[in-house]
Amino acid sequence: MGLTSETTVYVMAALAAVCVGLLVWSWPRFARQGLRQVLGRLLAIGTTQVVMIAAFACWLNSSYQFFGSWGELFGRVETAPVGVTQAGDGGTGTVNGAAVKGAPVQPAGDEQLSRVSGLPTGPAAVNGRVESVKVIGRRTGVVDPAFVYLPPQYFQKAYQRQRFPVIVALSGYPGSIFNLAQHLRVSQTAGALQKSGLMQPTVMVMIRPTIAPPRDTECVNVPGGPQTETFLARDLPEALKSAYRVGHDASAWGVMGYSSGGSCALQLTMRDPHVYTTAAALSPDYRVKDDPTTGSLFGSGPDRTERMNGHDLMWRLKHLPVPQVSVLVAESKHGERGYPQTQAFIEAVKAPMRVASILPEHGSHNFPTWVQEMPPALKWMNQQLTFPQDAVPRHHKKGAAVTEHTPAATTRR
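Structure report, in brief. (Residues numbered from 1 in each chain as written. Predicted model: local features only at pLDDT ≥ 70, side-chain atom pairs only at ≥ 80, totals over all residues. Heavy atoms only, no water.)

**Overview of the overall build of the protein chain**
Part 1: Within the protein chain, the secondary structure is distributed over 12 helices and 10 strands.
Part 2: In the protein chain, buried positions account for 52% of the 413 residues.
Part 3: Carbon and sulfur atoms provide 57% of the accessible area of the protein chain, an area that totals close to 18700 Å². (Helix = DSSP H or I, 4+ residues; strand = E, 2+ residues; numbered from the N terminus. Buried < 20%, exposed > 50% of the residue type's maximum accessible area, 1.4 Å probe, protein only. Areas by Shrake-Rupley, 256 points an atom, 1.4 Å probe, with all protein chains shown as cover.)

Structure below.
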């Protein structure tokens, strides 16, 4: 039984019901005086509570896909040899669900895609398509599942040589790509905006930054540990460019996310502006720090402070040259704790960097709030990203309101 399967949920619920029934039936025996009876009562109550909590945890995990498998839950993740061949070196990436061995993007299993509501159906040239794939990092050896939304134009003859802009959507911790597809409605929202003409045709890539579950790496290259930034800033773009007709220039690439995924989006854009030039961060943090879920992210030794400062966005704005990027931050004025930090970040941004914001009066750190912020965030990103002018060679066969904040000095183009 899979960790996220309905069978597991039903079995755990039935087991919890049996434990409750046994506790009620056997309680008269445990009600007598004596050490054995007292220990029996404690054991029976404890066992019943543990099973009930486990059943609830299975239901919650099945609904929100925090961990996709038993292996992820216990820290066993799929890895690939670092020397995986790129599509540009002889592979072809995914083409209509097929792939050549060694390609850095391979078709994947269902990954709960069948449980996502509102996905496009029918002819791909009319409604687009969402593919379930796995991305294999050539440098890091990471194997990470992803959903890729391809707009209808991707399959239309008039666009057969055209490349498309890309938005990478990152889940929070310990979220999954299922959360991005089902609860944040990434592809559904983008598809509706594109169909109504409010957003240019864009490839949407839903992926999780948790590459070494259950550890939260906060998109950091951990000394001697997971190299999350390298995977997201080098392996992922390289793999997507080899498998799909997407823009090769950074001006066509954006990244967005919610919660810690939003923090990652800001970190990637400000630290790797040659890869991502636009970010939208919903309820982000502005500084990466160690906690029980991360362990030591920055190692030890004399370079620890420098590494920590490098992931403190306020410190970067004050002490380092500002990158020529555009970012959007979203935080509720009432209901979320990060509003003061968001205001401080907005005020600290200076040219040539540009910042916009979505600041609703009320909201919470949850999906209903982020779903409301998604349409204006995507429309804003659409205005920042350039539609690639480069065309694929003929022999190619691969398949809420936004407020702009103007810094004191000159702004970006």
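**Observations concerning the pattern of salt bridges**
Part 1: The tally for this structure, following the rule as stated, stands at eight salt bridges.
Part 2: Residue Arg 138 pairs with Glu 238 through a salt bridge whose shortest N-O separation is 3.3 Å. Placement of Arg 138 in the loop between β2 (129-136) and β3 (143-150) and of Glu 238 in helix α7 (residues 228-243) is noted, with a sequence separation of 100 residues between them.
Part 3: Note on Arg 138: relative accessible area 29%, which makes it partly exposed.
Part 4: The closest approach of N and O atoms between Glu 229 and Arg 271, which form a salt bridge, is 3.1 Å. Separated by 42 residues along the polypeptide, Glu 229 in helix α7 and Arg 271 in helix α8 (residues 260-271) bring together distant segments of the chain. (Salt bridge = Lys/Arg side-chain N within 4 Å of Asp/Glu carboxyl O.)

**Concerning unusual backbone geometry**
Part 1: Cis geometry marks the peptide bond from Tyr 173 to Pro 174; its omega dihedral reads -5 degrees.
Part 2: Within the secondary structure, Pro 174 sits in the loop between β4 (166-170) and α5 (177-183).
Part 3: For Ser 283, which is not a glycine, the phi torsion comes out positive at approximately 55 degrees.
Part 4: The topology assignment puts Ser 283 in the loop between β7 (278-282) and α9 (304-310).
Part 5: Under the relative-accessibility criterion, Ser 283 is labelled buried at 4%.

**Considerations on the state of the cysteines**
Part 1: In this structure the tally under the stated criterion is one disulfide.
Part 2: The disulfide bridge from Cys 219 ends at Cys 264, spanning 2.1 Å between sulfur atoms. With the S-S dihedral at roughly 105 degrees, the linkage between Cys 219 and Cys 264 falls on the right-handed side. Taken together, the positions of Cys 219 in the loop between β5 (203-207) and α7 and Cys 264 in helix α8 put the pair 45 residues apart, joining distant regions of the chain. (Disulfide = S-S within 2.5 Å.)

**A closer look at α8**
Part 1: Compared with an ideal rise of 1.5 Å per residue, which puts 12 residues at 16 Å, α8 spans 16 Å between its outermost C-alpha atoms and is within 8% of the ideal.
Part 2: Counting buried residues along α8, 11 of its 12 residues qualify, which places the element largely inside the surrounding structure.
Part 3: Three or more residues of α8 are buried, namely Ser 260, Gly 261, Gly 262, Ser 263, Cys 264, Ala 265, Leu 266, Gln 267, Leu 268, Thr 269 and Met 270. (Expected span 1.5 Å × (residues − 1).)

These figures come from the coordinates and say nothing about function on their own.
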